[in-house]
Amino acid sequence: MTLFEARDVSKKFAGIMALDNVSIDVNDGEIVGLVGPNGAGKTTFFNCLLGLLKPDGGTITFDGAELSRVPTHRRARIGIGRTFQRIELFSGMSVREHLLVAERARRGDGRLWKDVIGMGRPRPDELARVDAMLELLGLTAEADRPVEMLSLGRARVVELARALMIEPKLLLLDEPSSGLDHAETAEIAEKLREVNRERGTAILIVEHDMPMVRSLVSRVFVLDFGRLIASGSVDEVFDDDAVRKAYIGDNN
Ligand SMILES: Nc1ncnc2c1ncn2[C@@H]1O[C@H](COP(=O)(O)OP(=O)(O)OP(=O)(O)O)[C@@H](O)[C@H]1O
Ligand SMILES: [Mg+2]
């Protein structure tokens, strides 16, 4: 039941080993944390998984497929969803329109997202799927608002909803609590638990908010300067001396 497995993945940038033989795995339906100080290589790891960067070495398999053979644009189709470290929503588009575009993308409908909005006549089955997601994430009341009117916390929930429209088997989250206050962070964590419970979506989450990580994950991997310095249950890992040392000076 291993869903995702990276083995000895390496990535070098001009003199920097951003990833040095990193091995990380996620089981079906599992929530796993990926943590480490700034510059540890977390986002680089995601980008290798998504095909935005080509690893210098190692293998990555997902759902039985060797990812190096899967073109970047097909990785969403085979079940890898993601949100961004910075918010990436389109101003002028409503919450519902964001989800409709993602729904069309999932179905491989050839029409461009601009046309989707211009035409404004989505089919009943599309609307039903979008409405179900709005409901699941508690966005129904804001469905017709332009995204730029939302708070950062709500915008992050929209990003999460959009990522889920493709029905990913694995969801990659890069600092979903970034910029959020305490209550908004708790809300995102609760939504993630709900999605995991109701849809069985596996989640690999990069996050600096340690209470959030503790509340969500079954296992955690710790990167420091591109190297995996610890992995295991949250309690094991945060008792580890090397991990404590890596975090000295970090705001956690
Ligand atoms: N495109 C790039 N070109 C050159 N160096 C890069 C590039 N992307 C990342 N790096 C370097 O690789 C290292 C890892 O960066 P990465 O962004 O993966 O860290 P991170 O763990 O996501 O950090 P943060 O917590 O700050 O987001 C850093 O030293 C960074 O400066
Ligand atoms: Mg990062």
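Remember, it's a predicted structure, so these values are computed and weren't measured experimentally. (Residues numbered from 1 in each chain as written. Chains lettered and ligands numbered in written order. Predicted model: local features only at pLDDT ≥ 70, side-chain atom pairs only at ≥ 80, totals over all residues. Heavy atoms only, no water.)

Relative to the helices and strands, glutamate 194 is located in helix H6 (residues 182-199). Salt bridges are absent for the buried glutamate 194, whose nearest opposite-charge side chain, arginine 197, sits at 4.6 Å. Those residues in contact with glutamate 194, other than ones at most four positions away along the chain, are Leu136 and Arg199. (Helix = DSSP H or I, 4+ residues; strand = E, 2+ residues; numbered from the N terminus. Buried < 20%, exposed > 50% of the residue type's maximum accessible area, 1.4 Å probe, protein only. Lys, Arg positive; Asp, Glu negative; His and termini not counted. Salt bridge = Lys/Arg side-chain N within 4 Å of Asp/Glu carboxyl O. Contact = heavy atoms within 4.5 Å.)

With mixed pairing, 6 strands are arranged side by side in an open sheet as E6-E7-E8-E3-E9-E10. Since the sheet does not close on itself, it has two edges, and those belong to strand E6 (80-82) and strand E10 (227-232), each with one partner. Neighbour to neighbour, the strand axes of the sheet diverge by 20 degrees on average, direction disregarded. Sheet topology places strand E9 (residues 219-224) next to E10; 5 bridges connect them, and they run antiparallel. Counterpart to leucine 223 in the pairing with E10 is leucine 228. (Pairing = 2+ DSSP bridges. Axes fitted to C-alpha atoms, helices over the stretch in contact; angles between N-to-C directions.)

This paragraph deals with the domain arrangement of the protein chain. In many analyses, interface size is given as the accessible surface area lost on bringing the parts together. What the domain assignment lists for the protein chain is domain 1 (1-79 + 168-252) and domain 2 (92-166). Computed from C-alpha coordinates alone, the two centres of domain 1 and domain 2 are separated by 26 Å. When domain 1 packs against domain 2, close to 1,500 Å² is buried across both sides, 66% of that on carbon and sulfur atoms. The largest contributions to the domain 1 side of the interface with domain 2 come from Pro168, Lys191 and Arg199, which together make up 31% of the buried area. Across the contact surface, domain 1 and domain 2 share 1 salt bridge. Taking the shortest distance from any N to any O, the salt bridge between arginine 154 and glutamate 187 comes out at 2.4 Å. At the junction of domain 1 and domain 2, the tally comes to 4 residue pairs in polar contact (both at pLDDT 80 or more). Of all the secondary-structure elements, those providing two or more residues to the side of domain 1 that touches domain 2 are strand E7 (170-174) and H6. Examining the composition of the side of domain 1 that touches domain 2, we find that 9 residues originate from one element, H6, more than from any other. Split by residue class, the side of domain 1 that touches domain 2 holds 9 nonpolar, 3 polar and 8 charged. (Domains from an automatic or database assignment. Buried area = accessible area lost by both parts, 1.4 Å probe. Polar contact = N/O pair within 3.5 Å; in protein donor to acceptor, adjacent residues only side chain to side chain. Nonpolar A, V, L, I, M, F, W, Y, C, P; charged D, E, K, R; others polar.)

Before going further, it helps to spend a moment on the pairing of strand E1 (residues 2-13). Taken together, the 8 bridges between E1 and strand E2 (residues 16-27) define a ladder with antiparallel strand orientation. Across the sheet, lysine 12 pairs through a bridge with methionine 17, a residue of E2. Turn length for the E1-E2 hairpin, with the two strands adjacent in sequence and antiparallel, is 2 residues, and the turn residue glycine 15 shows positive phi of about 85 degrees. Here E1 pairs with strand E4 (residues 57-62) via 5 bridges, running antiparallel. Pairing of glutamate 5 across the sheet is with threonine 61, part of E4.

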